[in-house]
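As a plain string of letters, each chain reads:
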Amino acid sequence: MTTTLLAAETLTRTSTPEAVAFWILAVIAIAGAIGVVAAPKAVYSAIFLATTMIALAMVYVAQEALFLGVVQVVVYTGAVMMLFLFVLMLIGVDSSESLVETIRGQRVAAIVAGLGFGILLVAGIGTVATTGFVGLAQANEGGNVQGLATLIFTRDLWAFELTSALLITAALGAMVLAHRERFERRKTQRELVVERFQTGARATPLPNPGVYARHNAVDTAARLPDGTEEESSVSTILRGDGQR
């Protein structure tokens, strides 16, 4: 009974601007989360995820957790998500590739991980509902940064160390997988040119589309010195059925 009264009293202490900000940001965050899994392209998913993270950062600020809000924007949204976005824009991801499992059983593992996260979320909400809420004054005792540091380096030290070890292991694993050992000497420019002539390949780079043509467009073939068109200067995708 006491716990219920404490929870009700905490909920009634929520100010009207805070409640309005929460409901607006909650709608934005949920819409962004749905967009992450429903977007047809990976770049759109990354943008939706960044939107969700920014909404969460604003929720932290509304709860007077200024340090967490700044970290959420600077570290996750500003660094990690923008890195993902730039990588996706540079290398590109075909929609047909996303339907092919590159790792066996990854869909089953994703479903199991999602169910496990849902169970943990329900358990956490149930624990808070039964044990009562902690007010902002008690959570930010001595300041938001000081209160967060106290939790990290006292009660949650073991979990913090495990997370740090996991991130370091992931970074080292990515470097090991991306590293390519060179077993032979790098060829010089002269050797590459000689090899190109010997194999009968094209000696010079391909001309850009539109060079010495009437229109400077990517679908206009370049012209050779004799006036004929250089078909290889136009992508096969833009050629269509031979019509430009």
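Here the structure is a predicted model, which is why all the values come from computation and not from measurement.

1. Concerning the side chain of Gln72
Note on placement: Gln72 falls in helix α4 (residues 66–91). Ignoring anything within four residues of it in the chain, the contact list for Gln72 reads Met53, Leu56, Ala57, Tyr60 and Thr77.

2. Side note on the packing of helix α2 (residues 16–38) against helix α3 (residues 42–62)
Each pair of packed helices can be described by the angle between their axes along with the distance between the axes. Close contact between α2 and α3 brings their axes to 8 Å; oriented N to C, the two are set at 160°. It follows that α2 is roughly antiparallel to α3 by the angle criterion. At the point where α2 passes α3, the crossing takes the left-handed sense. For the pair α2 and α3, the contacting residues are Glu18, Leu25, Ile28, Ala29, Gly32, Ala33, Gly35 and Val36 in the first and Ser45, Phe48, Leu49, Thr51, Thr52, Ala55, Met58, Val59 and Ala62 in the second. Of the residues assigned to the contact of α2 with α3, the class counts are 11 nonpolar, 5 polar and 1 charged.

3. Overview of the pattern of salt bridges
Tallied over the full model, the rule gives 2 salt bridges. Across the salt bridge formed by Asp156 and Arg155, the nearest N and O atoms sit 3.4 Å from each other. Its relative accessible area of 31% is what places Asp156 among the partly exposed residues. Since its relative accessible area comes to 63%, Arg155 is described here as exposed.

4. Comments concerning empty space enclosed by the protein
Applying the stated rule across the entire model yields 1 cavity of 30 Å³ or more. Here the largest cavity is characterised by a volume of approximately 30 Å³. Lining the largest cavity, in full, are Glu18, Ala21, Phe22, Leu25, Val59, Ala62 and Gln63. Listed by contribution, the elements that provide at least two residues to the lining of the largest cavity are α2 and α3. Counted by class, the lining of the largest cavity contains 5 nonpolar, 1 polar and 1 charged residues.

Reading the values: rules and limits
- Residues numbered from 1 in each chain as written.
- Predicted model: local features only at pLDDT ≥ 70, side-chain atom pairs only at ≥ 80, totals over all residues.
- Heavy atoms only, no water.
- Helix = DSSP H or I, 4+ residues; strand = E, 2+ residues; numbered from the N terminus.
- Contact = heavy atoms within 4.5 Å.
- Axes fitted to C-alpha atoms, helices over the stretch in contact; angles between N-to-C directions.
- Parallel < 35°, antiparallel > 145°, perpendicular 65-115°, else oblique.
- Left-handed = near helix turned anticlockwise from the far one by under 90°.
- Nonpolar A, V, L, I, M, F, W, Y, C, P; charged D, E, K, R; others polar.
- Salt bridge = Lys/Arg side-chain N within 4 Å of Asp/Glu carboxyl O.
- Buried < 20%, exposed > 50% of the residue type's maximum accessible area, 1.4 Å probe, protein only.
- 1 Å grid on protein atoms, 1.4 Å probe; cavity = no way out; pocket = protein on both sides within 12 Å on 5 of 7 lines; lining within 4 Å.
- Points joined across faces, edges and corners; volume = space filled by probe spheres on them.

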